[in-house]
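The lines below spell out each chain.
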Number of protein chains: 2
Amino acid sequence: MENYRVTFLPMDRVFQAEDGDNLLDAAMKAGVHINASCGGNGACGKCKVMVRKGNIFSPPHQAISPEEYEKGVRLACRTVVHGDAFVEVPLESQVDRMALKRTRETPHILSPADIGQLVAGVDVDPAVFKRYVELPPPATEDNVSDLVRLTRELKAQYGIDDFSVDFGFFKSMSRILREARWKVTVTIVLTRRGYKLINIEAGNRAQENYSIVVDIGTTTICGQLLDLANCSVVRMTEHMENGRDLCTLAESSDYNSQISFGEDVISRIMFSRKKGGVRKLQDAVIKTINNVIKELLASADIKGESISHLAFAGNTVMTHLVLGVDPRYIMLDPYTPAATFFPPVRACDLGIDLSDYIHTYLFPSVSSYVGGDIVAGVLGSGMFQREEITLFMDIGTNGEIVLGNKDWLTCASCSAGPAFEGGGIEFGMRAGKGAIEQVRINPATFEPMIITIGKVKPMGICGSGLIDIVAGLLEAGLIGQNGKFERDARTPRIRAGESGFEYVLSYAHETQIDRDIVVTEVDFDNLIRTKAAIYAGCKVLLDNVGLAFKDIDRVIIAGGFGHYIDLEKAITIGLLPELSLERFLFVGNGSLLGARLLSFSQGFLREAERIARMMTNIELSNSPRFMDEFVAAMFLPHTDQNAFPEVMDRLGSKK
Amino acid sequence: MENYRVTFLPMDRVFQAEDGDNLLDAAMKAGVHINASCGGNGACGKCKVMVRKGNIFSPPHQAISPEEYEKGVRLACRTVVHGDAFVEVPLESQVDRMALKRTRETPHILSPADIGQLVAGVDVDPAVFKRYVELPPPATEDNVSDLVRLTRELKAQYGIDDFSVDFGFFKSMSRILREARWKVTVTIVLTRRGYKLINIEAGNRAQENYSIVVDIGTTTICGQLLDLANCSVVRMTEHMENGRDLCTLAESSDYNSQISFGEDVISRIMFSRKKGGVRKLQDAVIKTINNVIKELLASADIKGESISHLAFAGNTVMTHLVLGVDPRYIMLDPYTPAATFFPPVRACDLGIDLSDYIHTYLFPSVSSYVGGDIVAGVLGSGMFQREEITLFMDIGTNGEIVLGNKDWLTCASCSAGPAFEGGGIEFGMRAGKGAIEQVRINPATFEPMIITIGKVKPMGICGSGLIDIVAGLLEAGLIGQNGKFERDARTPRIRAGESGFEYVLSYAHETQIDRDIVVTEVDFDNLIRTKAAIYAGCKVLLDNVGLAFKDIDRVIIAGGFGHYIDLEKAITIGLLPELSLERFLFVGNGSLLGARLLSFSQGFLREAERIARMMTNIELSNSPRFMDEFVAAMFLPHTDQNAFPEVMDRLGSKK
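1. Thoughts on the overall build of chain A
Now for step 1: Check the secondary structure of chain A and you find 19 helices and 27 strands.
Now for step 2: Relative to a compact globule of 655 residues, whose C-alpha radius of gyration would be 26 Å, chain A shows 27 Å and is just as compact.
Now for step 3: Each principal axis of the C-alpha distribution contributes one length, and for chain A these read about 95 × 60 × 50 Å.
Now for step 4: Taken across its 655 residues, chain A has 53% of its residues classed as buried.

2. Some remarks on the domain arrangement of chain A
Residues and elements named next belong to chain A.
Now for step 1: When the domains of chain A are assigned, the result is domain 1 (3–94), domain 2 (128–202), domain 3 (210–362) and domain 4 (383–655).
Now for step 2: Its C-alpha centre places domain 1 at a distance of 30 Å from the equivalent point of domain 4.
Now for step 3: Taken together, the contact pairs 16 residues of domain 1 with 18 residues of domain 4.
Now for step 4: In terms of residue class, the side of domain 1 that touches domain 4 is built from 8 nonpolar, 6 polar and 2 charged.

3. Section: the interface of chain B and chain A
Now for step 1: Tallying the contact residues gives 33 residues for chain B and 33 residues for chain A.
Now for step 2: Contributions of two or more residues to the side of chain B that touches chain A are made by α4 (146–158), β7 (163–165) and α5 (167–179) of chain B.
Now for step 3: Ranked by residues supplied to the side of chain B that touches chain A, first place goes to α5 of chain B with 6 residues.
Now for step 4: Residues of the side of chain B that touches chain A, tallied by class, amount to 18 nonpolar, 9 polar and 6 charged.

4. Comments concerning the nonpolar core
Now for step 1: Of all hydrophobic cores here, the largest spans 398 residues; its most connected members are I401 and I461 of chain A together with I401 and I461 of chain B.
Now for step 2: Dropping the residues within four chain positions of it, I401 of chain A is found in contact with L391, F392, M393, C411, A412, C414, I534, G537, C538 and L541 of chain A.

5. Some remarks on the pairing of strand β20 (residues 448–452) of chain A
All names here are of chain A.
Now for step 1: Most of β20 is tucked away: 5 of the 5 residues are buried.
Now for step 2: Residue alternation in β20 divides its side chains into two sets, P448, I450 and T452 and M449 and I451, and both sets are buried.
Now for step 3: Across 5 bridges, the pairing between strand β19 (residues 435–441) and β20 is antiparallel. Bridge pairing links R440 to M449 in β20.
Now for step 4: Between β19 and β20, which pair antiparallel and follow one another directly, the connecting turn spans 6 residues, one of which, F446, has a positive phi of 65 degrees.

6. Let's talk about the relation of the copies chain B and chain A
The relation between the two chain copies is a rotation about an axis coupled with a shift along that axis.
Now for step 1: Between chain B and chain A, the superposition needs a rotation of 179 degrees and an axial shift of 0.0 Å, giving an RMSD of 0.4 Å. The symmetry that links the two subunits is that of a two-fold axis. Residue R193 of chain B, judged by its C-alpha, is the member of chain B lying nearest the rotation axis, at 2.7 Å.
Now for step 2: By residue overlap, the copies meet face to face through one surface: 100% of the interface positions of chain B are interface positions in chain A.

7. Some remarks on unusual backbone geometry
All names here are of chain A.
Now for step 1: Looking along the chain, the bond that leaves L9 and enters P10 is cis, with omega of 5 degrees.
Now for step 2: Counting through the fold element by element, P10 comes out in the loop between β1 (3–9) and β2 (13–18).
Now for step 3: With a phi angle near 60 degrees, Y335 is a residue other than glycine that sits in the positive phi range.
Now for step 4: Checked against the element boundaries, Y335 lands in the loop between α10 (328–331) and β14 (345–346).
Now for step 5: Judged by local crowding, Y335 falls into the partly exposed class, with 17 C-beta atoms found within 10 Å.
Now for step 6: In this model, D514 sits at a positive phi of 55 degrees, which is unusual for a non-glycine residue.
Now for step 7: Tracing the chain through its elements places D514 in the loop between β23 (500–506) and β24 (517–520).

8. A closer look at the sheet that holds β7 of chain B
What links the strands of a sheet is backbone hydrogen bonding, and the strands pair in either a parallel or an antiparallel sense.
Residues and elements named next belong to chain B.
Now for step 1: Here we have 4 strands laid out as an open sheet, ordered β6-β8-β9-β7, and mixed in their pairing. Each end of this open sheet is capped by a strand with a single partner; those strands are β6 (128–134) and β7. Pairs of neighbouring strands in the sheet enclose a mean axial angle of 40 degrees, with direction left out of account.
Now for step 2: Across 8 bridges, the pairing between strand β8 (residues 183–191) and strand β9 (residues 194–202) is antiparallel. The residue of β9 that forms the bridge with V184 is A202.
Now for step 3: Packed on one face of the sheet, α4 meets β6, β7 and β8 and runs near 105 degrees to β6.

9. Let's talk about the packing of helix α8 (residues 277–300) of chain A against helix α9 (residues 316–323) of chain A
Residue and element names in this part refer to chain A.
Now for step 1: Two elements in contact, α8 and α9, have axes whose closest approach is 7 Å; the angle formed by their N-to-C orientations is 95 degrees. Classified by the interaxial angle, the pair formed by α8 and α9 is roughly perpendicular. For the pair formed by α8 and α9, the contact residues are L281, Q282, V285 and I286 on the first element and M318, L321 and V322 on the second.
Now for step 2: Within the contact of α8 with α9, the residues separate by chemical class into 6 nonpolar, 1 polar and no charged.

10. A word on the sheet that holds strand β22 (residues 494–497) of chain A
Residues and elements named next belong to chain A.
Now for step 1: Judged by pairing direction, the sheet is antiparallel, and its 3 strands sit side by side in the order β22-β23-β24 without closing on themselves. Every interior strand has two partners, whereas the edge strands, β22 and β24, have only one. Between one strand axis and the next, the sheet turns by 45 degrees as a mean value, whatever way the strands run.
Now for step 2: As paired strands, β23 and β24 are joined by 4 bridges and run antiparallel to one another. Bridge pairing in β24 links E502 to T520.

About the thresholds
- Residues numbered from 1 in each chain as written.
- Chains lettered and ligands numbered in written order.
- Predicted model: local features only at pLDDT ≥ 70, side-chain atom pairs only at ≥ 80, totals over all residues.
- Helix = DSSP H or I, 4+ residues; strand = E, 2+ residues; numbered from the N terminus.
- Rg over C-alpha atoms; globule rule 2.2 N^0.38 Å.
- Buried ≥ 20, exposed ≤ 12 C-beta atoms within 10 Å, placed from the backbone.
- Domains from an automatic or database assignment.
- Contact = placed C-beta atoms within 7 Å.
- Nonpolar A, V, L, I, M, F, W, Y, C, P; charged D, E, K, R; others polar.
- Core = buried A, V, L, I, M, F, W, Y, C linked by C-beta atoms within 7 Å.
- Pairing = 2+ DSSP bridges.
- Least-squares fit on C-alpha atoms with pLDDT ≥ 70 in both.
- Axes fitted to C-alpha atoms, helices over the stretch in contact; angles between N-to-C directions.
- Parallel < 35°, antiparallel > 145°, perpendicular 65-115°, else oblique.

The structure is reproduced here in structure tokens:
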């Protein structure tokens with residue numbers, strides 16, 4: 001892909017753009033502030049720039065007069081880069097250089113190409129595989145049973161011996177062998193107890209071996225369709241297409257239909273205690289999984305019969321509910337799950353709309369609140385293979401953290417609260433179309449620069465947007481380290497609202513909801529509690545093993561907002577520790593990453609179990625040390641200012 | 001039990017009778033001929049004897065005048081022995097001494113007490129067992145998952161480790177653990193792939209561990225209910241009650257409902273090729289099995305939930321049909337079954353009316369026509385453990401034979417035809433109530449002495465009766481060695497009938513069917529073909545390994561008629577080789593014997609598979625050598641008269 005130089009004037013900042021990049025995005029990435037309130041959909045008309053020269057495409061717009069258009073004025077949000085360009089940012093958008101002294105790097109978002117860097121030993125050797133065999137037809141001098149004939153050939157041709165046989169396989173075997181004139185493809189699964197023959201097809205279908213991995217979140221269910229037969233490590237590590245490796249044929253996600261029975265795991269457990277509750281919750285989550293599978297198959301144009309394996313990663317409660325197992329004891333002191341290691345089940349026993357014989361692997365959990373999704377994440381992170389100390393954080397409805405290396409792993413669940421998923425935030429929403437996901441506050445004018453997901457008019461604020469807002473307001477001096485507004489701020493955007501003081505991000509006419517979108521001090525309180533719980537959890541884990549934040553070699557951040565979070569802003573508010581940025585790595589959905597590894601490689605199946613057994617769970621909920629650390633972290637960035645010297649330096653320079 | 005001396009006069013033959021013995025039975029066993037045509041129910045009035053003195057009970061009867069009764073005349077079939085007695089046999093019943101020179105021994109019928117003699121290493125150590133465990137309840141400092149808590153305790157208390165878990169077990173575990181206040185009984189099955197937890201019950205139920213074994217015959221389905229928890233080898237070998245060991249709580253049998261779709265396996269396979277045929281046949285056999293199970297449970301007053309294991313032994317076609325697997329290729333050249341080793345299945349997958357989790361073990365087969373019933377029989381016979389050469393014969397609808405010892409086993413199926421089960425015999429019937437099962441022909445008067453099963457009026461002739469008849473007619477000189485009647489015989493019982501010459505066993509008024517019951521030359525032809533096939537099969541197996549009949553140390557005879565067959569008569573007609581009688585042993589239903597061993601002892605599970613692999617199948621159907629031997633055996637007893645010197649001697653002495 002060709003790179004173009006986009007030079008922003010008068011600050012003379014150069015951004016390496018790719019063909020087709022949006023100019024407002026480019027400015028955001030380059031750290032150039034351009035006012036924008038409507039999220040990037042052209043409604044507010046505020047993001048005017050003047051294109052001096054350059055190969056760009058930008059249609060006329062009602063906010064731009066013909067005279068302006070003639071002079072080169074364009075809306076940045078409507079402008080697409082097709083070559084080198086010089087772009088002048090108008091005075092009203094400019095920020096003094098002090099506020100922009102940092103040259104921001106593209107965040108360390110892990111692309112599939114980096115899997116090889118994270119995890120070693122990723123051979124393509126799936127636990128569910130297909131083998132094509134041609135059998136000599138029966139003859140008088142060789143009239144062994146069909147099953148012996150088949151397994152004899154599997155042993156001779158592939159060295160695979162000592163099988164068990166699925167009953168369904170057995171029932172159709174003789175007919176298919178003969179219809180196929182003794183040329184068949186056998187699907188074999190390697191279980192903890194050895195090989196098992198699960199399916200037989202006529203002809204050579206060895207190239208049609210697909211798997212589906214599903215991350216079963218309390219809120220969102222994400223699936224990926226994998227091509228197990230046509231994947232090689234080369235492809236996994238070197239080729240990419242739109243940020244997906246070629247093995248991943250399709251992705252799909254949907255909200256967990258259980259949401260109608262409660263927002264978080266606790267309310268789901270409460271519901272499960274009603275008569276028929278467990279069954280209703282199971283039906284709901286399975287319905288969503290079936291929808292996701294259906295979409296995956298449709299988008300890749302693959303038939304359900306070609307799927308031969310499922311791997312599910314979910315938290316402990318979700319895993320119980322997928323299995324239809326009563327989760328109530330998880331919530332009752334002393335918080336015991338039914339199991340942390342789950343028997344493999346057949347898809348049909350769960351109600352999955354796929355062939356009966358398909359084995360469903362469920363990632364093992366560690367405890368009631370550190371589930372299979374985290375075990376999958378640790379697997380995907382490769383931290384269990386490394387000498388270096390890694391801190392793994394999965395920030396979603398809860399915040400789960402894992403600290404350790406190849407020799408030891410310790411973990412905890414922080415009851416972080418759902419602020420990053422929009423919970424407890426007045427205009428909070430999940431990271432979906434219309435969510436404000438990137439925000440800059442001009443420290444001179446206090447005007448915001450807003451980009452929404454999908455560049456449509458804003459509907460609300462998602463987690464990464466909220467971090468940007470709080471960090472921006474803090475850096476602009478509009479709020480104090482206690483999360484309260486400076487009452488004498490000189491901007492009409494700060495005003496007294498129904499729940500105290502608030503900052504207006506978008507005015508009603510710029511939004512989809514015809515209401516002013518604001519952030520309030522109550523929102524800040526919630527965010528601070530959430531980030532404090534996560535930070536305090538990390539501190540307790542470190543203390544437990546006699547380490548400090550500086551000893552951490554690598555911080556791996558997983559979670560739905562992993563792709564969008566601004567690392568420096570997250571440090572600014574004290575969600576993440578102040579470490580050099582190259583130590584951070586985003587992996588996006590870590591559970592899917594681990595589930596994908598497990599699907600591709602037998603060895604990782606055993607590793608997943610080993611990891612789950614190796615992880616030592618620290619219960620934070622009743623820990624006085626955790627409470628102390630939590631209270632200490634209820635400040636922006638922290639009451640211990642020595643832990644955030646650079647942030648304090650930056651904030652101090654503003655005063 | 002006290003023994004009484006019953007002395008038959010004038011031949012002065014003494015019989016050791018037990019209290020309550022029937023006098024006609026005693027005479028039959030003593031080799032004393034007493035005319036009797038009605039099977040022993042008092043209708044014909046022919047079995048008159050004079051009781052000189054002795055303690056007997058015999059009610060008056062219309063066939064005996066008051067004067068006769070006064071003199072001591074009684075009907076033998078209505079007389080019960082209660083002490084020493086002297087019984088005079090009237091002239092019309094007497095046989096010259098020549099015909100009675102042999103002192104008959106009670107046949108070697110294996111009682112359960114003899115299992116220890118047959119098979120070594122019968123430890124009571126069932127593959128499905130229950131263990132009672134008391135768990136420490138969860139606590140804050142010990143809040144591992146329920147499953148870990150349970151398996152931890154199983155390991156600590158019983159040393160059982162490395163489990164897999166049945167999905168159903170998993171779903172009910174947490175609830176039952178708590179309802180039972182952490183005191184539970186776990187059912188564990190040892191599979192080829194290790195231990196599996198299959199059921200959990202509240203409280204201590206370790207003593208309620210039952211198993212059902214079923215012999216699935218083409219004609220008859222027999223089941224036994226076993227008490228796995230309260231059985232010891234001591235009980236198995238030393239105690240008996242009504243001929244059953246105490247471990248066997250109940251027995252039940254029923255005709256296979258598949259009979260309505262055809263009499264033999266070939267006609268069943270033909271039916272299976274119709275649309276929905278396999279399913280109909282499966283439903284039919286499962287229906288019968290369910291009936292047998294229901295009766296077993298009712299008769300022992302045990303609930304279905306207490307059953308934890310099933311073991312089925314059937315021929316290869318029956319095993320296919322029980323599993324719902326198409327058996328058609330068994331009949332088509334080159335006669336390949338779908339499998340000879342069958343995956344263990346859950347009862348619910350077969351439609352068995354028992355708990356879903358129950359594992360059903362199906363005995364492995366050797367080939368299309370040597371099935372799991374024979375493997376079970378060989379297991380029960382112990383021949384696979386011995387140095388001595390054993391010939392195992394299972395004579396039912398087919399005749400299956402196994403020759404060998406602990407080092408080698410060779411087997412064959414002889415298409416014997418169902419003559420011994422009544423097939424192809426004009427008045428043939430299965431061994432049930434009203435079947436003529438024991439017959440003697442008075443060589444002087446040519447009058448028959450007939451005993452039926454249940455001592456009711458006769459309805460037909462079963463296998464053992466037919467052997468007695470043919471041997472009796474041959475010894476009386478009424479038929480020749482070619483199976484044809486001597487046309488100049490001086491008895492009205494031989495006459496020209498619709499299908500040639502015939503001998504009248506019972507006249508219409510003496511029967512339940514109001515027709516004369518006869519045997520014809522067509523019947524003899526069928527019987528001769530059947531016995532010739534079995535004898536020829538044995539000969540081929542022996543020739544194959546360079547042995548002769550005289551090298552056989554032991555002949556073990558299994559099969560439905562095993563309890564009734566008269567050894568010497570079977571030798572007389574050439575069904576069995578002429579060997580000294582002590583080499584023969586009857587084991588009754590050998591399949592049930594083996595299935596019982598397998599249920600009681602894990603080691604025999606592995607032995608069953610080893611036996612099936614070890615058995616070399618010899619295909620007789622296309623073998624010219626078999627055809628030669630078959631033709632040679634189409635004579636009574638055989639064309640090679642040197643093979644039967646004693647029989648020839650006896651026959652010669654008649655001439």
